[in-house]
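Secondary and tertiary structure notes
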Amino acid sequence: MTAARTTASSQGSQLGLRERKKLKTRIAIREATYRLIEEQGYEATTVEQIAEAAEVSPSTVFRYFPTKEDIVLTDEYDPLLEDDLRARPADEPIVESLRHVLRRAVSLGFTEEPEVSRLRTRLMIEVPAVRSRLLESMSVTGRMLCRVIAERSGRDPGELEVRVFAMSLIAALTETAAYWAEHDHEDDLGELVDRALSMLVTGFGTGGPQA
């Protein structure tokens with residue numbers, strides 16, 4: 001779920017010259033990567049080619065992104081998710097807070113970079129290395145959710161119940177993205193996210209399959 005350009009633009013006026021240059025380099029590397037993957041495929045795209053297209057050195061690429069998979073999976077919105085969640089009303093259920101924040105993220109991503117959103121989720125299901133790296137990176141998001149959930153509930157972020165709930169949310173969002181890509185991106189992603197979050201709260205209810 002990406003909103004790189006929108007977020008980068010909104011951050012620009014808040015950052016110093018050095019940080020703006022770093023942000024510009026990160027975006028250049030990502031955009032070069034997406035373009036090359038669209039032209040020749042993921043496996044055929046090398047870090048050396050990415051560096052040349054972005055007009056940086058391969059060492060610079062690795063300084064910003066430890067692996068090629070990280071270039072695909074990381075965007076400028078990721079660090080702001082926690083801030084957006086904390087900005088929601090303290091007494092709002094965490095699932096509803098996530099619903100609001102993710103709806104906004106999905107909307108921004110499709111307004112600015114719809115093709116990138118589709119490419120990223122397609123690579124998630126087609127490329128084992130991307131899928132594996134995604135699962136690793138989502139553990140970081142899971143720890144962030146643990147902190148927010150713990151604050152909302154008055155619990156410790158390391159409690160079993162907090163960890164289980166946070167990772168259930170992560171799993172739901174991951175499977176939603178995979179479902180969307182597997183069905184050729186025909187559905188509205190925001191509506192799929194709503195369905196997934198509702199499932200966590202209500203289960204199948206009385207009319208669906210039995211778990």
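Residues numbered from 1 in each chain as written. Predicted model: local features only at pLDDT ≥ 70, side-chain atom pairs only at ≥ 80, totals over all residues. Heavy atoms only, no water.

A separate point is helix H9 (residues 128–153). The end-to-end C-alpha distance of H9, which contains 26 residues, comes to 36 Å, matching closely the 38 Å that a straight helix rising 1.5 Å per residue would cover. The complete set of buried residues in H9 reads Val-130, Leu-134, Met-138, Gly-142, Met-144, Leu-145, Cys-146, Val-148, Ile-149 and Ala-150. Positive backbone phi, approximately 75 degrees, marks Gly-154, located one or two places after H9. (Helix = DSSP H or I, 4+ residues; strand = E, 2+ residues; numbered from the N terminus. Expected span 1.5 Å × (residues − 1). Buried < 20%, exposed > 50% of the residue type's maximum accessible area, 1.4 Å probe, protein only.)

Soluble globular proteins tend to pack their nonpolar side chains together in the buried interior. Within the largest apolar cluster, 37 residues are counted, with the highest numbers of intra-cluster contacts made by Leu-85, Leu-123 and Leu-145. Secondary-structure elements contributing two or more residues to this core are helix H2 (17–40), helix H5 (68–73), helix H6 (81–87), helix H7 (94–112), helix H8 (114–126), H9, helix H10 (160–182) and helix H11 (189–202). It is H9 that provides the largest number of residues to this core, a total of eight residues. When near neighbours in sequence (up to four residues on either side) are disregarded, Leu-123 contacts Ile-37, Tyr-42, Val-72 and Val-130. One finds Ile-29, Ala-32, Ile-50 and Tyr-64 within the second-largest nonpolar core, a separate group that totals 11 residues. (Core = buried A, V, L, I, M, F, W, Y, C linked by side-chain atoms within 4.5 Å. Contact = heavy atoms within 4.5 Å.)

A side chain with one charge may pair with a side chain of the opposite charge, provided their charged atoms come close. All told, the structure shown has 16 salt bridges when counted by the stated rule. With its nearest N and O atoms 2.9 Å apart, the salt bridge here joins Glu-92 to Arg-88. Note on Arg-88: relative accessible area 21%, which makes it partly exposed. A salt bridge links Glu-159 to Arg-155, with the nearest nitrogen and oxygen atoms 2.9 Å apart. Accessibility expressed as a relative area gives 26% for Glu-159, which makes it partly exposed. (Salt bridge = Lys/Arg side-chain N within 4 Å of Asp/Glu carboxyl O.)

So, on to the packing of aromatic side chains. Across all of its chains, the model carries zero aromatic pairs by this definition. Over the ring of Tyr-42 we find Lys-68, and its NZ or CZ is 4.1 Å from the ring centre. (Phe/Tyr/Trp six-rings, centres within 6.5 Å; stacked < 30°, edge-to-face > 60°. Lys NZ or Arg CZ within 6 Å of the ring centre and 35° of its normal.)

A contiguous patch of negative charge on the surface is contributed by Asp-184, Glu-186, Asp-187 and Glu-191. Structurally, Asp-187 can be placed in the loop between H10 and H11. (Patch = residues over 30% accessible without salt bridge, like charges linked within 9 Å, V, L, I, M, F, W, Y side chains within 5 Å. Areas by Shrake-Rupley, 256 points an atom, 1.4 Å probe, with all protein chains shown as cover. Lys, Arg positive; Asp, Glu negative; His and termini not counted. Charge placed at Lys NZ, Arg CZ, Asp CG, Glu CD.)

A few words now on the environment of Gly-158. Tracing the chain through its elements places Gly-158 in the loop between H9 and H10. For Gly-158, a relative accessible area of 43% gives the class partly exposed.

Assignment of secondary structure puts Thr-176 in helix H10. With a relative accessible area of 8%, Thr-176 lands in the buried category. Beyond its immediate sequence surroundings of up to four residues, Thr-176 is in contact with Leu-189, Leu-192, Val-193 and Ala-196.

Let's shift gears to the confidence of the model for the chain. Across the chain, the average pLDDT comes to 84, with 85% of residues at or above 70. Per-residue pLDDT stays below 50 along residues 1–13; that stretch engages in 35 contacts with residues further than four places along the chain or on separate chains. Here residues 206–211 is a poorly scored stretch, pLDDT under 50, and it has three contacts once near neighbours within four places are set aside; other chains count. (pLDDT = per-residue confidence, 0-100.)

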